[in-house]
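# Overview (structure and organization)
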Amino acid sequence: MHQLNKLDTKMALLEVKDLKVRVEEREILHGLTLTVNEGEIHAIMGPNGSGKSTLSHVIAGKPGYEVTDGQILFKGEDLLEMAPEERAAKGVFLAFQYPVEIPGVATMTFLRTALNAQRKARGESEYSTPDFLKKVREVSKSLNIPQDMLKRGVNVGFSGGEKKRNEVLQMALFEPSLCILDEMDSGLDIDALRIAADGVNALHSPKRAMVVITHYQRLLNYIVPDIVHVMSKGRVVKSGGKELALELEASGYAQFEDAA
Amino acid sequence: MPAVQETVERVKRIDVDQYRYGFETLIESDKAPKGLSEETVKFISEKKNEPAWMLQWRLEAYRRWLTMTEPTWARVDYPKIDFQDLYYYSAPKPKKTITSLDEIDPEILKTYEKLGIPLREVAMLEGVEPKPGEEDPARRKIAVDAVFDSVSVATTFKAELKKAGVIFMPISEAIREHPELVQKYLGSVVPTSDNFYATLNSAVFSDGSFVYVPPGVRCPMELSTYFRINERNTGQFERTLIIADKGSYVSYLEGCTAPQRDENQLHAAVVELVAHDDAEIKYSTVQNWYPGNSEGKGGIYNFVTKRGDCRGNNSKISWTQVETGSAITWKYPSCILRGDNSRGEFYSIAISNGYQQVDSGTKMIHLGKNTSSRIISKGIAAGKSQNTYRGLVTAHRKATGARNFTACDSLLIGDKCGAHTVPYIEAKNSSATFEHEATTSKISEDVLFYCIQRGLTQEEAVGLVVNGFVKDVLQQLPMEFAVEAQKLISISLEGSVG
Ligand SMILES: Nc1ncnc2c1ncn2[C@@H]1O[C@H](COP(=O)(O)OP(=O)(O)O)[C@@H](O)[C@H]1O
Ligand SMILES: [Mg+2]
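Presented here is a report on the structure given in the accompanying data block. Not measured: the values here are computed from a predicted model. (Residues numbered from 1 in each chain as written. Chains lettered and ligands numbered in written order. Predicted model: local features only at pLDDT ≥ 70, side-chain atom pairs only at ≥ 80, totals over all residues. Heavy atoms only, no water.)

### Some thoughts on the environment of Gln287 of chain B
Secondary-structure assignment places Gln287 of chain B in strand 12 (residues 280-287). Sequence separation between Gln287 of chain B and Thr324 of chain B is 37 residues; the distance between their C-alpha atoms is 6.0 Å. (Helix = DSSP H or I, 4+ residues; strand = E, 2+ residues; numbered from the N terminus.)

Structure representation (structure tokens):
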């Protein structure tokens, strides 16, 4: 109760209300509701196929999803009315489960092009080359990303850990207010996971919220959530504190499959 | 990268129908009567003050042409061209001998300024040394021989080139001033009987560039020609001849633009390159002629014959092309690897959008011993366009140790376009090693969405991905051209998605 009162004073960053989503005529999300306030870390857990990635894609504006009902507000604005690049410029960041490779486009070029595109969309001035380089060097150093890697094509030949660190690097550079991390732990060994998680934790701030999507509890040892939601069959079926994750780890998702 | 950013901004400002270079210069011109006959050929020769041998050469080509038929094997489709409905010669008027830039019609200079060709600036830079330690690549010297319709308007940097012994002038002047060189080499790589369009060009060619680099000379600057088609219904028939004598080196850049028009304009150029022992020629083209409007109306028909002869041992010829314009492109810059250990290269980016049709590629003819060739082709098809790579690699019976590597990659944007790869490979001796790789891929939705999620618009994302796809080839271009080409690539893909 005490904690809830504290939360009430925070501003809602993301409000998903009774969201229904179809993919190719099939309903995947059946009325999902979720509120994320500034500064909070939320975990969304759930079995494969429960709709976690679908939710993250719809928030980010990926084409191919039809919203048939409900709404999504971001800082009080109708997110679904915005083009996906506009959402990015306004501070929505999705760290992909499988970051794509872009051959021939140096990572450094990509980072700069994207950062300047966002700044321009917000009416801010573009970074000068020295300022940009300085910023990239700082951040990449803290994430253990060698400068050499930044000269290579975006994610081309990167290991799983390098790809995820590249996602965190972008998160640090773009300074979004909402970070959605889809299965950040997939394909990472413990050391790689720790580095990526440390990077994420370093970005935690009172104005920034994180939504950590994961199948396993393991990641939540490193990124500790304020609130845990359990998703099943296209709905949030239970929400609670971080202990809910441990409970799930012990008893599995089966109990919720029926609830949905 | 700032270039990408700049591209992106330009793309936003331009739409498919607003071809950036589509302006017309209002100047009087001096035209041949419409249609093609011996009289037309004589008219052109006379206008150019040509010696008798040149007229004879043209007339022979014309008579030959009358017996030939248009080739139909390329994967391009266009209404029949009425060769009697064209003007074959058009020169800006008044015509007088031009000795300095100040004597050029200011309208013409303005046109070049709009095109971004710094005739004046280049001239002013002459003699201006960069401050020590201040090597500004943008001020690197480029000698420009600008072809405005059919006449070379100005040739800059002549003096400095002269000092090095390099001859760089309009071919019409070279015919008068260096007849021995022209007679020796003209038609020696692309004979007058070569093909329908090359033969037509031989009969009516109007102007073009002539380059001769003497033995052992490294040409002190990049040589550049900008072609521009201005007159309505004027066929543009340039003729370019470049000779690199023993142990010499030259890099030549060709850029093209044409104003926007409803009618189709015909362009049939011939380029001949000759590299003697140990010589190297690097020939780069950025072609952005008007591709027609968004409904496929208008645009340039580009039927070009470009061929290089690695005549000497250890010689090298390298073609790099960025083809973004023209309604129809029919173009196969080729190398004849005659000298032992000679090397041919072909690097190509061919982009088609809207209703453009591209049939382009190369021929590598291995004749000498231990000759090698390399082909890197990147085809990008968008809109309702068709993009064909057509390549031939052959090794003669005596061409022992011939080697070729070919990589053809095609990228499709959307599902109404087509990409085709037609490789012909013939090895007449067993020691030849030919490698061929080909890929065709669609631009991935996931890749685009990744970029868009990071703040790029759909078009910026396509531009970025395509620039990555063609990077290997862009790197072959001289820097100034690489930046220009990068911009063109994004501009020409504008409207290709969504
Ligand atoms: N592009 C798609 N086409 C068809 N079905 C899809 C598509 N994307 C997801 N689905 C279906 O939607 C459901 C939820 O998938 P997803 O959001 O990826 O779940 P999670 O991330 O929780 O594993 C699954 O049944 C999946 O098969
Ligand atoms: Mg998923």
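Let's pick the thread back up.
### Brief notes about the packing of aromatic side chains
Aromatic ring pairs are reported here in terms of the distance separating the ring centres and the angle at which the planes meet. Residue and element names in this part refer to chain B. All chains considered together, the criterion is met by 22 aromatic pairs over all chains. Grouping aromatic residues by their ring pairs yields a cluster made of Tyr62, Trp65, Trp73, Tyr78, Phe83, Phe196, Tyr197, Tyr301, Phe303, Trp330 and Tyr332. If you follow Arg218 out to its NZ or CZ, it ends over the ring of Tyr249, 4.0 Å from the centre. In this structure, Lys378 packs its charged tip against the face of Phe469, placed 5.0 Å from the ring centre. (Phe/Tyr/Trp six-rings, centres within 6.5 Å; stacked < 30°, edge-to-face > 60°. Lys NZ or Arg CZ within 6 Å of the ring centre and 35° of its normal.)

### A few points about the site of ligand 1
Residue and element names in this part refer to chain A. Every residue near ligand 1 is listed here: Val23, Glu24, Arg26, Ile28, Pro47, Asn48, Gly49, Ser50, Gly51, Lys52, Ser53 and Thr54. Here an oxygen atom of ligand 1 and a backbone polar atom of Ser50 are 3.3 Å apart. Alone, ligand 1 offers 560 Å² of accessible surface; in the complex the protein occludes 65% of this. Sorting the residues of the shell around ligand 1 by element identifies strand 2 (26-37) and helix 2 (52-60) as the ones contributing at least two each. Across the shell around ligand 1, the residue classes break down as 3 nonpolar, 6 polar and 3 charged. (Near = heavy atom within 4 Å. Polar contact = N/O pair within 3.5 Å; in protein donor to acceptor, adjacent residues only side chain to side chain. Areas by Shrake-Rupley, 256 points an atom, 1.4 Å probe, with all protein chains shown as cover. Nonpolar A, V, L, I, M, F, W, Y, C, P; charged D, E, K, R; others polar.)

### Re the pairing of strand 8 (residues 239-244) of chain B
Residues and elements named next belong to chain B. For strand 8, the tally of buried residues reaches 6 of 6 residues, placing the bulk of the element in the interior. Side chains Arg239, Leu241 and Ile243 of strand 8 all project onto a buried face; the interleaved residues Thr240, Ile242 and Ala244 project onto the opposite face, where all are buried too. Here strand 8 runs beside strand 11 (residues 270-275); their pairing, made up of 6 bridges, is parallel. Of the residues in strand 11, the one forming a bridge with Ala244 is Ala275. (Buried < 20%, exposed > 50% of the residue type's maximum accessible area, 1.4 Å probe, protein only. Pairing = 2+ DSSP bridges.)

### Quick look at helix 2 (residues 38-47) of chain B
Residues and elements named next belong to chain B. Buried within helix 2 we find Thr40, Val41, Ile44 and Ser45. Buried residues in helix 2, looked at end-on, bunch into an arc of 130 degrees, giving them a common side. Of the residues in helix 2, the exposed ones pointing more than 90 degrees away from the buried face are Glu39 and Glu46. Those residues of helix 2 that are buried are in contact with helix 3 (52-66) and helix 9 (196-204). Just past helix 2, the residue Asn49 takes up positive phi, approximately 60 degrees. (Arc of directions from axis to C-beta. Contact = heavy atoms within 4.5 Å.)

### A word on the environment of Tyr450 of chain B
Residue position: Tyr450 of chain B is located in helix 10 (residues 445-453). Linking Tyr450 of chain B and Ala461 of chain B, residues 11 residues apart in sequence, is a C-alpha distance of 8.8 Å. Residue contacts for Tyr450 of chain B: discarding those within four places in its chain leaves Phe96, Pro99, Val100, Ile102, Phe110, Val154, Asn155, Glu167 and Gln170 of chain A. Among the polar contacts listed, one links the side chain of Tyr450 of chain B to the side chain of Glu167 of chain A, at a separation of 2.4 Å. Among the polar contacts made by the side chain of Tyr450 of chain B, one reaches the side chain of Gln170 of chain A at a distance of 3.0 Å.

### Quick word on the pattern of salt bridges
All told, the structure shown has 30 salt bridges over all chains when counted by the stated rule. The shortest N-O distance in the salt bridge between Lys17 of chain A and Glu15 of chain A comes to 3.9 Å. A relative accessible area of 34% places Lys17 of chain A in the partly exposed class. Between Lys80 of chain B and Glu70 of chain B there is a salt bridge, and its shortest N-O distance comes to 3.6 Å. Pair noted here: Lys80 of chain B is in the loop between helix 3 and strand 2 (90-92) and Glu70 of chain B is in the loop between helix 3 and strand 2, with a separation of 10 residues, a long-range link. The class of Lys80 of chain B is exposed, set by a relative accessible area of 74%. The network of salt bridges with common partners includes Glu280, Lys316, Arg343 and Glu345 of chain B. (Salt bridge = Lys/Arg side-chain N within 4 Å of Asp/Glu carboxyl O.)

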